[in-house]
Amino acid sequence: MPYYRKLGDVPRKRHTQFRRPDGGLFAEELMGIEGFSNDSALLYHRHLPTAIVAAEVHQEPSRTTRPNLPLLPRHLLTHKLDADGADAVTGRQLLLANPDVTLSYVVATRPSPLYRNAVGDELVYVESGTGVVETVFGALDVAAGDYVSIPTSTTHRWVPATEGGVSSAPLRLLVMEAGGHVGPPRRYLSGRGQFLEHSPYCERDLRAPELLLTVDEEQVDVLVRHRQGVTRYTYANHPFDVVGWDGCLYPSVFSIRDFEPITGRLHQPPPVHQTFEGPGFVVCSFVPRLFDYHPLSIPAPYNHSNVDSDEMIFYVGGDFMSRKGAGIEMGSITLHPSGFTHGPQPGSVEASIGAQRTEEYAVMVDTFRPLELGSAATACEDASYPWSWSGGARVAREIDGSDVG
Ligand SMILES: [Fe+2]
């Protein structure tokens, strides 16, 4: 996020004396990606950000996955997943993963522990609910439709909104844990990182923390995800003790409702919907838009083979014209893997002709390596989906005693 921001108090010159009211020095912390060779921020803490008093392994539920075998399109009904009393960090239910990105779903009704992911950035899509993401950079209000970008190693926690101490509406989240850094598509940025004129969104659409948090507390636990697992550190002082920061690295929010769709006379390919890119994957936003306006245009997409990618779509709003008859509902996720040719459900191509616009919202994640299935995918799968293009009938065949239907 190379757009410079400053919040709170910072000294006139970096790396110079900056004193607390009691005469002691604030503790300066540089947080920079790719060592000291890329975007960074300087934060000023009341207490040492290095002072841990305990460390222990945190055992989390298994994150094992199984290959997508036999190779099938999948339909996951996320709203069938357990939603009791979870938080946005420890309540993640693993749907799909490969070495580049881990996708999980969570229904959060209570505040999460303090947490940071030292493996990569997290991009979290808020399907519904409201809340606050509290971070060392300050607080971010979040609501349905928001993409929340949390840079690698940003200490934060998720706090769902409450009324009278009770969760008012759970935060339903699709969590994308990347193996590196996530940002806007490079083709939309100038050489120095400014959004170009043909980008479907720009700096004015990004929200960043505007309120610093001051929590005076001792002996505070923080869960740290790293490549070997999760470790729980206990810090001498609460990490939310920053009096000011500046730089080009910070958490931010972009609402899918601020994505300006690119349309054309003929069907536009998915890259026009691209919103973010990460190592080994892209994220696209399908938003309300005018359909194609050539007099003979077909608004429904054509059948396609995503030769080099697996395609996951999370259906979050409106009416999904091309998927009629396949049981797609709000919160549905489809996975169309490389090697499987997919397209609109029978009848929807003809039915789309003459349609002027769509009101749909969907989030698509295309990965360049195959996605494997997590336990939550198995728990909420609609097993009839693979046969929905052929009328819903699965033909069981026996060859050498094995079922390969
Ligand atoms: Fe597709």
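Shown above is the structure to which this text applies.
Conventions we followed
Residues numbered from 1 in each chain as written. Predicted model: local features only at pLDDT ≥ 70, side-chain atom pairs only at ≥ 80, totals over all residues. Heavy atoms only, no water. Donors = N, O, S within 2.8 Å, 3.2 Å for Na, K, Ca; no water. Tetrahedral: all angles 85-135°; square planar, octahedral: opposite > 155°, others 65-115°. Helix = DSSP H or I, 4+ residues; strand = E, 2+ residues; numbered from the N terminus. Buried < 20%, exposed > 50% of the residue type's maximum accessible area, 1.4 Å probe, protein only. Pairing = 2+ DSSP bridges. Disulfide = S-S within 2.5 Å. Core = buried A, V, L, I, M, F, W, Y, C linked by side-chain atoms within 4.5 Å. Contact = heavy atoms within 4.5 Å.

A. Highlighting the coordination of the iron ion. The coordination sphere of the iron ion, as far as protein atoms go, consists of H304 (NE2), E311 (OE), E311 (OE) and H342 (NE2), spread over 2.1 to 2.4 Å. Relative to the metal, the 4 donor atoms surrounding the iron ion lie at angles of 56 to 161 degrees, and the coordination shape comes out irregular. Written as a sequence motif, the donor residues of the iron ion are H-x6-E-x30-H. Linking E311 in strand β25 (residues 310-317) with H342 in the loop between β26 (332-336) and α1 (348-352), this pair joins segments that are 31 residues apart in sequence. For the pair formed by E311 and H342, the shared burial category is buried.

B. Representation of the pairing of strand β6 (residues 93-97) within the structure. Burial within β6 is extensive, with 5 of its 5 residues counted as buried. Bridge analysis of β6 against strand β7 (residues 101-108) gives 4 bridges, and the strand direction is antiparallel. Bridge pairing links A97 to T102 in β7. Once β6 ends, the chain turns through 3 residues before running back antiparallel as β7. Pairing analysis gives 2 bridges linking β6 to strand β29 (residues 372-373), with the strands arranged antiparallel. Looking at the pairing, A97 lines up with E372 of β29.

C. Quick peek at the state of the cysteines. Under the criterion given, the structure shown has 0 disulfides. This cysteine, C202, is not joined by any disulfide, and C248 carries the nearest cysteine sulfur, 16 Å off. By relative accessible area, C248 is classed as buried at 19%.

D. Examining the nonpolar core more closely. Counting 39 residues, the largest nonpolar core has L95, Y125, Y147, M176, V283 and F314 as its most contacted members. Ignoring sequence-local partners within four residues, the contact set of F314 consists of T78, Y105, Y125, E127, L174, G331, S332, I333, Y361, A362 and V363. Residues A41, F137, F240 and L249 belong to the second largest nonpolar core, which totals 20 residues.

E. The sheet that holds strand β17 (residues 206-207), seen in detail. With antiparallel pairing, 8 strands are arranged side by side in an open sheet as β17-β21-β12-β9-β16-β7-β6-β29. Looking at strand neighbours, the two that pair on one side only are β17 and β29, the edges of this open sheet. Two strands pair when backbone bridges link them, and strand β9 (residues 122-128) and strand β16 (residues 171-178) are joined in this way by 6 bridges, in the antiparallel orientation. Within β16, the position partnered with S128 by the bridge is R172.

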